[in-house]
Amino acid sequence: MALEPSALPSHQPVHDDIGTKFETHQILPPDPSHFFITKAPLYPTIRHVSLTWDDLASMDMNVNRECVSLSRFYFDHEKDYMNRVSPDYPQRVQGLSDEDIRLIFNNLLRCANALKMCETAIYLAIDIVHRILTQINIGTTSPYLLATALFVAQKVEPSQWGILPGSRLLSKLFGENNTHFTSADLYGNEIVLLHYLNFHVETITPYHYVKFFSNAAGFTMQQKSLLHYLTQMCAMTPESYKYKPSALTAAGVLLVNEAFGLPCWTEKLSFFTTYSPEVLISERAFLLSTWMHITRLAQDSHPPAVFIKFSSHHFGNVSSLLSPTA
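These numbers were taken from a predicted model, which means no experiment stands behind them.

**Quick look at the side chain of Gln-154**
Then, in step 1: As for its placement among the helices and strands, Gln-154 is situated in helix α7 (residues 142–156).
Then, in step 2: Reaching out from Gln-154, the side chain makes a polar contact with the backbone oxygen of Phe-151 at a distance of 3.4 Å.
Then, in step 3: Looking at Gln-154, its side chain comes within polar contact range of the main-chain nitrogen of Leu-164, at 2.8 Å.
Then, in step 4: In contact with Gln-154, not counting residues within four places along its chain, are Met-117, Ala-121, Gly-162, Ile-163, Leu-164 and Leu-169.

In structure tokens, the structure reads:
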């Protein structure tokens, strides 16, 4: 077994998942007194304003109803998911350098791309690995942990090609002649991993806000791909758990606007992201430093998997774009 259950956590009841909670979440009736008010000290936002869909339509907000509803739910619950990962786990739990951790997630993304996993599954697998690394020292078993996390994630968030059975997934990752990690090992690891996660595999990541914030910003496909690139590179970094996922994506919008010479921020962005540039200084600095680091690695002939992925035509070759200055 790759993940040794030295002491499995005691079983805990599974709480309501995102889907169950969302069914009971309703948009409240409008309160006109909270609409855009001249000279108001802060812009109102969808987090604080009660709106109906007709209200949004009358405000000429070109956004999708489902995106609005889901994002309001994500705003309310994202902090609960942040607290499951300790940003200091590389040294405190694993005794590894930042570069060692980057290598683990670089391999994870390479494997996910080889398996043609959908983006939601990739972000879920990233979150699962962060959560496991926060709890147990994996030693030399990281390849088996990655395989197990990918196996679980692609079952929760299947791609258009469906769910790969264990044997097929292992042959794609370890080769047809693999005998070191069998399907039986994979299924055993799956149970151990789920116990460590308390069977809670749902999560909220920066990617959950990419479509919604891109629509609010009026981004082109290439601009949206750049925002996706920024959220994916930061999601693989333990330090990202210091910040709210929505704030990271909003900071990404800010950087995309800067990179393309667009207006820095708009009232519409303040309304839908619930942020202003002044409160995103730390998140912007973190995203920018991560972006510049990835670019330097690529320039030194060591392009990370995320750089290679987003250099494709499908993503508009956004990894070749230069970052703004600090």
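**Looking at empty space enclosed by the protein**
Rolled over the atoms, a probe sized like a water molecule indicates the empty space that remains.
Then, in step 1: The full count for this structure, using the stated rule, is 1 cavity of 30 Å³ or more.
Then, in step 2: Of the voids in this model, the largest cavity is the one considered here, and its volume is about 140 Å³.
Then, in step 3: Looking at the largest cavity, it is lined by 16 residues, and the ones nearest its centre are Ile-204, Thr-205, Pro-206, Tyr-241 and Pro-245.
Then, in step 4: Along the lines of polarity and charge, the residues of the lining of the largest cavity split into 11 nonpolar, 4 polar and 1 charged.

**Overview of the nonpolar core**
Then, in step 1: If you look at the biggest cluster of nonpolar residues, it comprises 90 residues, and the most contacted ones within it are Phe-105, Val-129 and Tyr-229.
Then, in step 2: A per-element tally of this core places helix α6 (residues 119–135) first, with 10 residues.
Then, in step 3: Apart from residues no more than four positions distant in its own chain, Tyr-229 is found in contact with Trp-291, Ile-294, Val-306, Phe-307, Phe-310, Val-318 and Ser-319.

**Digging into the packing of helix α8 (residues 166–174) against helix α9 (residues 183–196)**
Then, in step 1: At a minimum axis separation of 9 Å, α8 and α9 run at an interaxial angle of 105°. Overall, the two elements α8 and α9 adopt an arrangement that is roughly perpendicular. Together, Gly-166, Ser-167 and Leu-170 of α8 and Ser-183, Leu-186 and Tyr-187 of α9 make up the contact between the two elements.
Then, in step 2: Along the lines of polarity and charge, the residues of the contact of α8 with α9 split into 3 nonpolar, 3 polar and no charged.

**A short note on the pattern of salt bridges**
Then, in step 1: Counted under the stated rule, the structure contains 7 salt bridges.
Then, in step 2: The partner of Lys-155 in a salt bridge is Glu-190, with the nearest N and O atoms 2.6 Å apart. With Lys-155 in helix α7 and Glu-190 in helix α9, this pair connects stretches of sequence that are 35 residues apart.
Then, in step 3: Given the relative accessible area of 35%, Lys-155 is considered partly exposed.
Then, in step 4: For Glu-258, the salt bridge identified is with Arg-284, shortest N-O distance 2.8 Å. Here Glu-258 is found in helix α12 (residues 245–259), whereas its partner Arg-284 is found in helix α14 (residues 281–299), with 26 residues between them in sequence.
Then, in step 5: Using a relative accessible area of 15% as the deciding quantity, one classes Arg-284 as buried.

Calculation criteria
Residues numbered from 1 in each chain as written. Predicted model: local features only at pLDDT ≥ 70, side-chain atom pairs only at ≥ 80, totals over all residues. Heavy atoms only, no water. Helix = DSSP H or I, 4+ residues; strand = E, 2+ residues; numbered from the N terminus. Polar contact = N/O pair within 3.5 Å; in protein donor to acceptor, adjacent residues only side chain to side chain. Contact = heavy atoms within 4.5 Å. 1 Å grid on protein atoms, 1.4 Å probe; cavity = no way out; pocket = protein on both sides within 12 Å on 5 of 7 lines; lining within 4 Å. Points joined across faces, edges and corners; volume = space filled by probe spheres on them. Nonpolar A, V, L, I, M, F, W, Y, C, P; charged D, E, K, R; others polar. Core = buried A, V, L, I, M, F, W, Y, C linked by side-chain atoms within 4.5 Å. Buried < 20%, exposed > 50% of the residue type's maximum accessible area, 1.4 Å probe, protein only. Axes fitted to C-alpha atoms, helices over the stretch in contact; angles between N-to-C directions. Parallel < 35°, antiparallel > 145°, perpendicular 65-115°, else oblique. Salt bridge = Lys/Arg side-chain N within 4 Å of Asp/Glu carboxyl O.

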